[in-house]
Structures are given as C-alpha cells and as structure tokens.
Amino acid sequence: MGSKLAEKIVRDFPDHDIDVIIPIPDSSTTAALQLADELKIPYREGFVKNRYIGRTFIMPHQEERKKSVRRKLNILDLEFKDKNVLLVDDSIVRGTTSRKIIEMAKEAGANKVYFASAAPPVKYQNLYGIDMPATKELVASKKTDEEICAEIGADWLIYQNL
C-alpha cells in the first residue's frame, strides 16, 4: 500500500513539500514506512496510542467518538512543529478521527497537514460482517476528494486507488 501511495504522490503531487511522514498508529505503520522509504522522506512516530481505547469509528455515538480520539492518541509536538506533515492512516470512515488528528497536528505547530489513506474511499456500508455506519454517515459517500479534504481540514488528501 505504501508503494502504491508513493507512486500516486509522485504522479499527482510531483512538487510536494512534505518534510516528514507520520503514521496513525498502529494500522498504517507498514504503509507509512514503505511510503517514507520510497519517497526518501523521514519517517517519524508522532503519536503514541493509548491501547485501552478501542476503534473509534465503531463507537455508537458521535460525541463519544469525538472525545475518544484525543484520549486514544497523545501527540509528540516536536515531530510536528514547523513541518509540512504527511499523515498516513489505514482508512477514512466518517472523517471524525481524521478531522481530530489533523486538528491536533496543527495545534502542535505543523505548517501544513497532508493526509493519505492506505484504503480507497469508503463509500458504502458493509452489511456482511463489519459494523459499518449507514452509507449517509460515510464521509466519502457523496463527496468529492476536495469536499472531504475541506471537511477534515487537510491541506490535501490522497486515497489509495488500487
């Protein structure tokens, strides 16, 4: 996934100004490592995950999801201050977690925050095993990449397109 994201960034954003690549732990670490290696950009651990908070996208209430993001991730300000950061996550579901993470990165002093998803846009609910929200709750269900980017607060957004 990291290699494919690197190819897409080179193709779509050849003049990027990314200073550092930071994964959202733990599910995107391998993609972020490969992406950093292929782009020859430093990889840093900018978040420390609280192992006692579960997956926020499956929590039943929006307020609970919002509060849990800050409890789930602690930020290391030094990795963000005065840098253009590419955050890599495994996916974007509702956008709640992505929005909060980008907010945290900006509060920590990032100049720009770019966001990469190791998965394609999640546009439809999954009725066969994963407790996914209703289609209307999925941030990518009826929005363009530009609209999603604006909604989550990223300077640009890139999805996997395998």
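Residues numbered from 1 in each chain as written. Predicted model: local features only at pLDDT ≥ 70, side-chain atom pairs only at ≥ 80, totals over all residues. Heavy atoms only, no water.

**Remarks on the sheet that holds strand S1 (residues 20-23)**
So, step 1. Overall, parallel pairing links the 4 strands, which are arranged S1-S4-S5-S6 in an open sheet. Each edge of the open sheet carries a strand with a single partner, namely S1 and strand S6 (156-159). When the angles between neighbouring strand axes are averaged without regard to direction, this sheet yields 20 degrees.
So, step 2. Bridge analysis of strand S4 (residues 84-89) against strand S5 (residues 112-117) gives 6 bridges, and the strand direction is parallel. Residue pairing across strands places aspartate 89 opposite serine 117, the latter belonging to S5.
So, step 3. In the packing of helix H1 (residues 2-12) onto the sheet, contacts are made with S4, S5 and S6, and the angle to S6 comes to roughly 135 degrees. (Pairing = 2+ DSSP bridges. Helix = DSSP H or I, 4+ residues; strand = E, 2+ residues; numbered from the N terminus. Axes fitted to C-alpha atoms, helices over the stretch in contact; angles between N-to-C directions. Contact = heavy atoms within 4.5 Å.)

**Things to note about the pattern of salt bridges**
So, step 1. Under the criterion given, the structure shown has 9 salt bridges.
So, step 2. Residue aspartate 17 is joined to lysine 112 by a salt bridge in which the shortest nitrogen-to-oxygen separation is 3.0 Å. Taken together, the residues span a long stretch of sequence, with aspartate 17 in the loop between H1 and S1 and lysine 112 in strand S5 at a distance of 95 residues.
So, step 3. Judged by relative accessible area, which is 28%, aspartate 17 ranks as partly exposed.
So, step 4. A salt bridge links glutamate 103 to lysine 100, with the nearest nitrogen and oxygen atoms 3.4 Å apart. Of this pair, glutamate 103 and lysine 100 both sit in helix H4 (residues 96-107), 3 residues apart, which is roughly one turn of that helix.
So, step 5. Classification of glutamate 103 by relative accessible area gives partly exposed; the value is 31%.
So, step 6. Through salt bridges that share partners, Arg44, Glu79 and Lys83 make up one connected network. (Salt bridge = Lys/Arg side-chain N within 4 Å of Asp/Glu carboxyl O. Buried < 20%, exposed > 50% of the residue type's maximum accessible area, 1.4 Å probe, protein only.)

**Considering H4**
So, step 1. Taking 1.5 Å per residue as the helical rise, H4 with its 12 residues ought to reach 16 Å, and the 17 Å between its terminal C-alpha atoms agrees with that figure.
So, step 2. Every buried residue of H4 is accounted for by Thr96, Thr97, Ser98, Ile101, Ile102, Met104 and Ala105. (Expected span 1.5 Å × (residues − 1).)

**Thoughts on the confidence of the model for the protein**
So, step 1. Summing up the model confidence of the protein, the mean pLDDT is 87 and the portion of residues at 70 or higher is 84%.
So, step 2. Within the protein, helix H3 (residues 62-72) has the poorest average pLDDT of any element, 63, and S1 the best, 98. (pLDDT = per-residue confidence, 0-100.)

**What about the nonpolar core?**
So, step 1. Ranked by internal contacts, the top residues of the largest apolar core, which has 25 residues, are Phe47, Phe80, Leu87, Phe115 and Leu157.
So, step 2. Put simply, the parts of the chain that give this core at least two residues each are S1, S4, H4, S5, helix H5 (145-152) and S6.
So, step 3. A total of 4 residues in this core trace back to one element, the largest contributor, which is H4.
So, step 4. Contacts of leucine 157, omitting those with residues within four sequence positions, involve Phe13, Ile92, Phe115, Asp145, Ile148, Cys149 and Ile152.
So, step 5. One finds Leu35, Ile41, Val88 and Trp156 within the second-largest nonpolar core, a separate group that totals 19 residues. (Core = buried A, V, L, I, M, F, W, Y, C linked by side-chain atoms within 4.5 Å.)

**Things to note about the packing of aromatic side chains**
So, step 1. Enumeration over the complete set of coordinates arrives at 3 aromatic pairs.
So, step 2. Ring geometry for phenylalanine 47 and phenylalanine 80: centres 5.3 Å apart, planes at 70 degrees, overall edge-to-face. With phenylalanine 47 in strand S2 (residues 47-49) and phenylalanine 80 in the loop between strand S3 (73-75) and S4, this pair connects stretches of sequence that are 33 residues apart.
So, step 3. Accessibility expressed as a relative area gives 3% for phenylalanine 47, which makes it buried.
So, step 4. For the ring pair tyrosine 114 and tryptophan 156, a centre distance of 4.4 Å and an interplane angle of 20 degrees mean the geometry is stacked. With a gap of 42 residues between them, tyrosine 114 in strand S5 and tryptophan 156 in strand S6 connect regions that are remote in the sequence.
So, step 5. On the basis of relative accessibility, which here comes to 3%, the residue tyrosine 114 falls in the buried class.
So, step 6. Judged by its relative accessible area of 13%, tryptophan 156 falls in the buried class.
So, step 7. Through pairs of rings, three or more aromatic residues link up here, namely Phe13, Tyr114 and Trp156. (Phe/Tyr/Trp six-rings, centres within 6.5 Å; stacked < 30°, edge-to-face > 60°.)

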